[in-house]
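If you want the building blocks of each chain, they are given just below.
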Amino acid sequence: MKVSENLRVLQEKVKEASQRSNRDPEEIKIIAVTKYVTTERASEALECGVTHLGENRDEGLLEKWSTIGDKPTWHFIGTLQTRKVKNIIDKVDYIHSLDRVSLAKEINARAGDRTISCFVQVNASGEESKHGLTPEMVVPFIKELEKHPKIRVEGLMTMAPFTEDDTIIRQSFQSLKNLQLEIQHMDLPYAPCMELSMGMSNDFEIAIEEGSTMIRIGTALVGE
Ligand SMILES: *Cc1c(COP(=O)(O)O)cnc(C)c1O
């Protein structure tokens, strides 16, 4: 399938899910997750009008970045090892996987004169295999980030549990939304928390209905 055709279908579904939940489809950004595909395929996505690209490993990001450069908005969406921060920090616009103090410290130390836009990754479902903070840990963690002034918490990120049960998926997105509201009420200048990074190929419609502002789409947009 051409990316342009996939994009058209995806945008239509985004629009329908937005309408179902009385939202403006313009609020929802589509990140094309290119981790399974070639640089050429990523470039094809850009040619069709995609402006956000996501990669989950430093190798993949660096490889594509060396050809594509800084034209798109780059998102680092995978688990980030502390020692790899230096490889990617000047190439990405958003880091979606901030989940521990040691990582915050390293990002802060390597930020130079930039402020780094981050998402705090939450394991909203409590599944053991998933990375991210448990919901109870999120507020104390965000308070702790005050000590790392180069970090700006743009929002929260989660991956839905691995299940066919839409109710369970929906609950995990709702729990992320509730946490977002709690953090917004804290009114911290470094944590406006206006964004929610949630929704992938199989669950983005539920995520939009529950307030997602950034959906991360690989399979359904650029393919596996
Ligand atoms: C791979 C990946 C995606 C995209 O997954 P698809 O199901 O192919 O859309 C989204 N988010 C993260 C963190 C990923 O690793």
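All values reported here derive from a predicted model rather than from experimental measurement.

### A look at the pattern of salt bridges
In this structure the tally under the stated criterion is 15 salt bridges. A salt bridge links E209 to R170; its shortest N-O distance comes to 2.9 Å. Of the two residues, E209 is situated in helix α8 (residues 204-209) and R170 in helix α7 (residues 166-186); the sequence distance between them amounts to 39 residues. On the accessibility criterion, R170 (26% relative accessible area) is partly exposed.

### Details of the UniProt feature "domain: Alanine racemase N-terminal" (unreviewed entry) in the chain
The positions UniProt marks with the feature "domain: Alanine racemase N-terminal" (unreviewed entry) are residues 7-223. Segment residues 7-223 splits into 39% helix and 18% strand. End C-alpha atoms: 11 Å apart.

### Some points on helix α2 (residues 39-47)
Taken together, the buried positions of α2 are T39, R41, A42, A45 and L46. Down the axis, α2 shows its buried residues gathered within 165 degrees of arc, on one side only. Along α2, the residues that are exposed and aim more than 90 degrees away from the buried face are E40 and E47. The elements touched by buried residues of α2 are α1 (3-20), β2 (52-55) and α3 (58-68). Following α2 by one or two positions, G49 adopts a phi angle in the positive range, close to 110 degrees.

### What about the site of the ligand?
By nearness alone, every residue bordering the ligand is listed as V33, K35, Y36, I77, M157, M159, M200, S201, R216, I217, G218 and T219. Here T219 contributes a side-chain N or O atom positioned 2.5 Å from an oxygen atom of the ligand. Coverage of the ligand by the protein chains reaches 92% of its 390 Å² of free accessible surface. When the residues that make up the shell around the ligand are grouped by side-chain class, the tally is seven nonpolar, three polar and two charged.

### Digging into the packing of α2 against α3
Two elements in contact, α2 and α3, have axes whose closest approach is 10 Å; the angle formed by their N-to-C orientations is 55 degrees. For the element pair α2 / α3, the angle class is oblique. For α2 against α3, the interelement crossing comes out right-handed. For the pair formed by α2 and α3, the contact residues are T39, A42, S43 and L46 on the first element and E63, K64, T67 and I68 on the second. Residue composition of the contact of α2 with α3, by class: three nonpolar, three polar and two charged.

### Points about the environment of F119
For F119, the location among the structural elements is in strand β5 (residues 116-122). Residues F119 and L196, 77 residues apart in the sequence, show an inter-C-alpha distance of 8.3 Å. When neighbours within four sequence positions are excluded, F119 is seen to be in contact with Y94, I95, H96, S97, L98, G155, L156, M157, E195, L196, S197 and M214.

### Some remarks on the nonpolar core
With 63 residues, the main nonpolar core has L98, I107, V120, I142, L145, L156 and L221 as its most contacted residues. The contact partners of I142, leaving out residues within four places of it in the chain, are V120, V153, L156, I183, L188, Y190 and A191. Grouped together as the second largest cluster of nonpolar side chains are five residues, Y94, F119, M157 and M214 included.

Calculation criteria
- Residues numbered from 1 in each chain as written.
- Predicted model: local features only at pLDDT ≥ 70, side-chain atom pairs only at ≥ 80, totals over all residues.
- Heavy atoms only, no water.
- Salt bridge = Lys/Arg side-chain N within 4 Å of Asp/Glu carboxyl O.
- Helix = DSSP H or I, 4+ residues; strand = E, 2+ residues; numbered from the N terminus.
- Buried < 20%, exposed > 50% of the residue type's maximum accessible area, 1.4 Å probe, protein only.
- UniProt positions renumbered as here; feature names shortened; annotations may be inferred.
- Arc of directions from axis to C-beta.
- Contact = heavy atoms within 4.5 Å.
- Near = heavy atom within 4 Å.
- Polar contact = N/O pair within 3.5 Å; in protein donor to acceptor, adjacent residues only side chain to side chain.
- Areas by Shrake-Rupley, 256 points an atom, 1.4 Å probe, with all protein chains shown as cover.
- Nonpolar A, V, L, I, M, F, W, Y, C, P; charged D, E, K, R; others polar.
- Axes fitted to C-alpha atoms, helices over the stretch in contact; angles between N-to-C directions.
- Parallel < 35°, antiparallel > 145°, perpendicular 65-115°, else oblique.
- Left-handed = near helix turned anticlockwise from the far one by under 90°.
- Core = buried A, V, L, I, M, F, W, Y, C linked by side-chain atoms within 4.5 Å.

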